[in-house]
Amino acid sequence: MSKVLYHSKYVQLIVILLISCDLISQQFQNNDCERLFVEMISLPLSERIYKLNDFEGTSECAENAANLLSKQAKIERDSLTLSKVYAIMAYRTNPKYSLSYADSLISISSKPSDYYFLEKHIIKGYVYYFLENPLAASHEFAKSYNLAKEYDDFDVEARSQIWIATTKEAQGGSAQALEIYFNTLEDIENWKTTDIQTKSELRSSVLQSIIVLELNRKNPDNAEYYLTQFKNILQLLPNEYQEQKSRMWDGKLAYLKEDYNTAYDILKRELNTAHGSEKLDLLFTMGEIQGKKSNHLLMKQNFNRFDSVSVAFNLPPIPESKNVYHFLLNEAIKNNSKDKQLEYYDKLISIDSFLTANKNASDLIELPGYSIKDIQNERDKLINRSNKKDYGLIFLGITTFVIIVLLIFYFRKYINAQKSLSDYLDNGPIEVKTSSKGIKPSGKSTAKKIDKEIEASVKIALHKLNIWEANKGFTDKDIDMNILAKIFKTNRTYISKAVNVYKNKKFRVYITDLRMEHFVQTTKKDYDYKNKNLNTILEEFGFNSIDTFNRALKAKLNNNNITPAMYMKEIIKRNT
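Below you will find a few notes about this structure. Throughout this document, residue positions are counted from 1 along each chain, in the order its sequence is written. In view of the model being predicted, local features appear only for residues whose pLDDT reaches at least 70, and side-chain atom pairs are presented and counted only at 80 or more, with totals across whole chains, interfaces and linings using the full set of residues. Where side-chain values are given, they derive from all heavy atoms of the structure, hydrogens and water being excluded.

Another aspect to go through is the overall build of the chain. Within the chain, the regular secondary structure consists of 28 helices and zero strands. Taking all 576 residues of the chain together, the buried fraction comes to 39%. In the chain, of all internal contacts separated by at least 6 residues, the share reaching a separation of at least 24 is 60%. In short, Shrake-Rupley with a 1.4 Å probe defines the accessible areas, and a residue's cover is counted only from the protein chains shown. Counting every atom, the chain has about 34100 Å² of accessible surface; 53% of that belongs to carbon and sulfur. Only DSSP runs of H or I reaching four residues or more are called helices, and only runs of E reaching two or more are called strands; each is numbered from the N terminus. Relative accessible area decides the class of each residue, using a 1.4 Å probe on protein chains only: under 20% of the type maximum gives buried, over 50% gives exposed, and in between gives partly exposed. Two residues form a contact once any of their heavy atoms are found within 4.5 Å.

Moving on, we get to the pattern of salt bridges. Salt bridge, as used here: a side-chain nitrogen of Lys or Arg that lies within 4 Å of a carboxyl oxygen of Asp or Glu. Enumeration according to the criterion identifies 19 salt bridges in this entry. Its salt-bridge partner being Arg159, residue Asp155 comes within 3.3 Å of it at the nearest N-O pair. Of this pair, Asp155 and Arg159 both sit in helix α8 (residues 154-170), four residues apart, which is roughly one turn of the helix. Of the charged contacts, one joins Glu331 and Lys334 as a salt bridge, the two residues approaching to 3.5 Å between their closest N and O atoms. One end of the pair, Glu331, and the other, Lys334, are both in helix α16 (residues 321-334), three residues apart, so they sit about a helical turn from each other. A relative accessible area of 62% means that Lys334 is categorised as exposed. What emerges from the salt-bridge pattern is a single network uniting Asp307, Lys340, Glu343 and Lys347.

Here we come to the nonpolar core. By size, the foremost hydrophobic cluster in this structure holds 31 residues, and its most contacted members are Ile289, Phe303, Phe306, Tyr325 and Leu328. For this core, the secondary-structure elements that each account for two or more residues are α12 (240-256), α13 (260-271), α14 (276-292), α15 (296-312), α16 and α17 (338-357). With near-sequence residues (within four places) excluded, Ile289 lies in contact with Tyr255, Tyr260, Ala263, Tyr264 and Leu267. Buried residues of nine kinds, namely Ala, Val, Leu, Ile, Met, Phe, Trp, Tyr and Cys, make up a nonpolar core once their side-chain atoms join them within 4.5 Å. Leu202, Leu213, Tyr226 and Leu227 belong to the second largest nonpolar core, which has 25 residues in total.

Below, the discussion takes up the environment of Asn561. Structurally, Asn561 is set in the loop between α27 (546-557) and α28 (564-575). Note on Asn561: relative accessible area 27%, which makes it partly exposed. Between the alpha carbons of Asn561 and Ile415 there is a distance of 9.5 Å; along the sequence they are 146 residues apart. If we skip the residues at most four places from it in the chain, Asn561 touches Lys413, Ala417, Lys554 and Met566.

Turning our eyes to something else, we now look at the packing of α12 against α14. For helices, the axis comes from a line fit to the C-alpha atoms of the stretch in contact; other axes are also lines fit to C-alpha atoms, and the angle between any two N-to-C directions lies between 0 and 180 degrees. Packing of α12 against α14 brings their axes to within 11 Å, and their N-to-C directions diverge by 25°. In terms of orientation, α12 and α14 fall into the roughly parallel class. When you trace α12 past α14, the crossing you get is left-handed. Residue-level inspection shows Tyr241, Lys245, Met248, Lys252 and Tyr255 of α12 in contact with α14, the latter providing Glu278, Asp281, Leu282, Thr285, Glu288, Ile289 and Lys292. Split into classes, the residues belonging to the contact of α12 with α14 amount to five nonpolar, one polar and six charged. Any angle that falls under 35 degrees is termed roughly parallel, while one over 145 is termed roughly antiparallel, one within 65 to 115 roughly perpendicular, and all others oblique. For a crossing to be left-handed, the near helix must be turned anticlockwise from the far one by less than a right angle; the clockwise case is right-handed. Under the convention adopted here, Pro, Cys and the residues Ala, Val, Leu, Ile, Met, Phe, Trp and Tyr are nonpolar, Asp, Glu, Lys and Arg are charged, and Gly plus all remaining residues are polar.

Glancing now at the environment of Ser209. Tracing the backbone shows Ser209 in helix α10 (residues 196-216). Separated by 32 residues in sequence, Ser209 and Ala177 place their C-alpha atoms 9.3 Å apart. With residues up to four places along the chain from it excluded, the contact list for Ser209 reads Ile162, Thr166 and Tyr181.

To pair, rings of Phe, Tyr and Trp, with the six-membered ring standing in for Trp, must have centres within 6.5 Å; the planes then decide the type, stacked if under 30 degrees apart, edge-to-face if over 60, and tilted in the middle. Applying the stated criterion to the full structure yields 19 aromatic pairs. Ring geometry for Tyr225 and Tyr226: centres 5.0 Å apart, planes at 80°, overall edge-to-face. We classify Tyr226 as buried; its relative accessible area is 13%. When the centroid spacing of 6.4 Å and the interplanar angle of 50° are considered together, the rings of Phe507 and Tyr510 count as tilted. Here Phe507 and its partner Tyr510 are both found in helix α25 (residues 507-523), three residues apart, which amounts to about one turn of the helix. One aromatic cluster in this structure is built from Tyr126, Tyr129, Phe141 and Trp163.

The next point concerns the side chain of His121. With respect to the helices and strands, the residue His121 is situated in helix α6 (residues 120-130). Judged by relative accessible area, His121 falls into the buried class, the value being 11%. Residues within four places of His121 in sequence aside, it is in contact with Ile106, Glu140, Phe141, Lys143, Ser144 and Leu147.

Residue pairs spaced three or four apart in an α-helix point in one direction, given the helix's 3.6 residues per turn. Buried residues of helix α23 (residues 481-488): Met481, Leu484, Ala485 and Phe488, and no others. Buried positions in α23, seen along its axis, are confined to an arc of 105° and lie on one side of it. Here a polar contact is recorded for every N or O atom pair within 3.5 Å, except that within protein the pair must consist of a potential hydrogen donor and a potential acceptor, and residues adjacent in sequence are included only if both atoms are side-chain atoms. At the N-terminal boundary of α23, the capping side chain belongs to Asp480, with an oxygen 3.2 Å from the backbone nitrogen of Asn482. Count one or two residues on from α23 and you reach Lys489, which has phi positive near 55°. This arc is built from the directions going out from the helix axis to the C-beta atoms.

Laid out in structure tokens, this is it:
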């Protein structure tokens, strides 16, 4: 019971530590939230929005802050701040709530004078695009384009066109997307404005989209041409984020030109600063490069990381997702990992459903010999196999259980034997239960049973026997009753009577006990074990074999689990 309580205290301690860690984590999060609220309260309402926009804490905390800020804005009838709250949260909150923020923004931005009047549909379109619904997104971008045309705002018009082309590309219309990009570029060039910076930024946005499209279509020459134009704009308008994208495209270009080492080095450097789908794209390309170099291990590592990033950030699939999960599925099949197989089957089916629902470009992602029906059939087979009883595993489980039980039983016997041995060496001889079969009791009554004619001869034999014991004559391994009779110059009958009646033992037991007692008493002291094996040591004490000694040892210590090796190990440990 004490052991149970002892272990339960440790369990309780571990639970307390885990709870403490969770509370500390929550406390840090609460501190972040409190800090945000304190900083916001100290500012005018119109400036609090910047704190919300810059906040890097949890989504839940941001949503709570946004709710408080929106309530205050409604009380003060500050529609500008309210619309900015909705816009920020549409971009940054949990996807399932972002659409409601976008709808709220549209509802309060109904007048041309409203801050987000022209951009409201771009924001909602972005949310739809992020929610993996490019068809609905394209409708919102079209509304934004028409509204911008109506109110003659070329900036919003051009950005709407870029997003329309992007959704066309996501739905498989890369040729249509490219045409829209070129038309937008032409419109930007013809746009008569004094705002050179905005004009350059719009041109830069279009060029970025064209570069990505050409890279996806594996047209390195075209991509390099537009990348050069994009770099020229960066020289006039430096932008750290866009410069990073430029370096990533240099890596993709090197890959398409089969300069794999250069490509991998560039992409690896940029990986840590990439985010979202861009990070997935880099990891896929890095995996493909290692595949081209026949480095299967690094290819697998990059694709596993692709999967981890995709899951961690709940990212929508990119065109290359099928290739990644098909590779990982084959690896899981090779390793006979049923859980992973089922996971990758489900992901491939989910990706296919998403692509089908959004009419994505199957010609860009179709794999040779691959169909969704095959994947579904294989998944069903795997589930059926998993649901059946695996008798091999059951047998393995039972066998493992039996082995564990036997090991525990053996370990307990070993511990008991070790304790018995220690008690013997610490406390002295143990009473040995010897068989009474063939052994006569000693004492005065037994002497009467010896014939008077031989009683004197038996006592003479006993006297010689005692002298022989003192001289350690029993250490002769060849000694027996006949040899002893010759040494005593008597017959074996007198020796047998002396041992049976006065020693209360049979002759063989008597000799073994003498050897065993001499062995124990000698080895407990400073006995020299150097350069001696067990057989050599036992021969010094008259034992013919280890088996004979083993039986004598078990009888002497009254424990069948003690072995010669265990005894010698304990003795040597005590003597060193």
